[in-house]
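An overview of the molecular structure
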Amino acid sequence: MPLCVPRLLPVRRAALWALRTVAVAAVLSVGAWRAPDVQALEFHVQQMRQSIQSRFGEGGVQRLDAWLAMLERSAGRSVQGQLQAVNDFWNQNVMGGEDQQIWGEAEYWATPLETLGKRAGDCEDYVIGKYFSLVRLGMPVEKLRFIYVRARVGGMGSTQSIAHMVLGYYETPQSEPLVLDNLLGTILPASQRKDLTPVFSFNAQGIYVTGAQPASVERISRWKGLMGRMQQEGIAP
């Protein structure tokens, strides 16, 4: 499966690229600030079907139905079972690609329906699909983080890396996260992913910054655009 950003970057440049993406400089941290509780994710299924059919045809509707069926099957499973089911679904049903090829834009955060419609996405799109799947299953948002990382490529001892995004699951705020990644099907604790170096993290409750006051996720313009398009499709956070 293709890497999130195929062009190899020195470690330092990869970090700067990721930092410019959201205009914050941070490493993974848990701050004291919290936004108001986020409402449960609501699905307006008929609107979702109409939206994906109008843009992507019957194939898109079939993939949407497969997503909904996976969520229904996973509703009664353990946390570990839900994490694995969601990780497997998105890894197996989406082909890795670049935004420029998929959307004709250098950087685009696709909604879950858009990713299913195209059946293709980059690393952010995988994480978006997994994140909102788990929120729909009732996973508390404070246990989930979008984590920008530097992913080492070229084997042990390599100094080359790519900018990449994974989803982190935290049992408690102090817990070592489990990493859901489109580059590796196995869900592992962060300490076992020696190839990944965290840069910063965020979720619907905020951006977590070391040495500074945590900030609202609304400062990330692509997040605002993503949420607006999801609501138009029938997914209401």
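Reading the values: rules and limits
- Residues numbered from 1 in each chain as written.
- Predicted model: local features only at pLDDT ≥ 70, side-chain atom pairs only at ≥ 80, totals over all residues.
- Heavy atoms only, no water.
- Core = buried A, V, L, I, M, F, W, Y, C linked by side-chain atoms within 4.5 Å.
- Buried < 20%, exposed > 50% of the residue type's maximum accessible area, 1.4 Å probe, protein only.
- Helix = DSSP H or I, 4+ residues; strand = E, 2+ residues; numbered from the N terminus.
- Expected span 1.5 Å × (residues − 1).
- Phe/Tyr/Trp six-rings, centres within 6.5 Å; stacked < 30°, edge-to-face > 60°.
- Lys NZ or Arg CZ within 6 Å of the ring centre and 35° of its normal.

So, on to the nonpolar core. Ranked by internal contacts, the top residues of the largest apolar core, which has 57 residues, are Trp-67, Trp-109, Tyr-131, Phe-132, Leu-134, Phe-202 and Trp-223. Sort the elements by how many residues they give to this core and helix H2 (residues 45-74) lands first, with 9 residues. Formed by 9 residues, the second largest nonpolar core is a distinct cluster that contains Val-149, Ala-151, Val-153 and Ile-162.

Moving on to helix H6 (residues 123-136). The first and last C-alpha atoms of H6 sit 20 Å apart over 14 residues, in line with the 20 Å expected at 1.5 Å per residue. Most of H6 sits inside the fold, with 13 of its 14 residues counted as buried. Just downstream of H6, Gly-138 is the residue with a positive phi angle, here 100°.

Right, let's talk about the packing of aromatic side chains for a bit. What the rule picks out here adds up to 13 aromatic pairs. Considering the side-chain rings of Tyr-131 and Phe-146, the 4.6 Å spacing of their centres and the 45° angle between planes classify their relative orientation as tilted. Of the two residues, Tyr-131 is situated in helix H6 and Phe-146 in strand E5 (residues 144-153); the sequence distance between them amounts to 15 residues. Like Phe-146, Tyr-131 is buried. Where Phe-146 meets Phe-202, the ring centres are 4.8 Å apart and the plane angle is 5°; that geometry is what we call stacked. Of this pair, Phe-146 sits in strand E5 while Phe-202 sits in strand E9 (residues 196-203), and the two are 56 residues apart along the sequence. Each residue in the set Trp-109, Tyr-131, Phe-132, Phe-146, Phe-202 and Trp-223 is aromatic and connected to the rest through ring pairs, giving one cluster. Lys-118 extends its terminal NZ or CZ atom over the ring of Trp-103, reaching a point 5.1 Å from the ring centre. Above the face of the Phe-43 ring, Arg-136 is positioned so that its terminal group lies 4.3 Å from the ring centre.

Coordinates in, geometry out; function isn't part of it.
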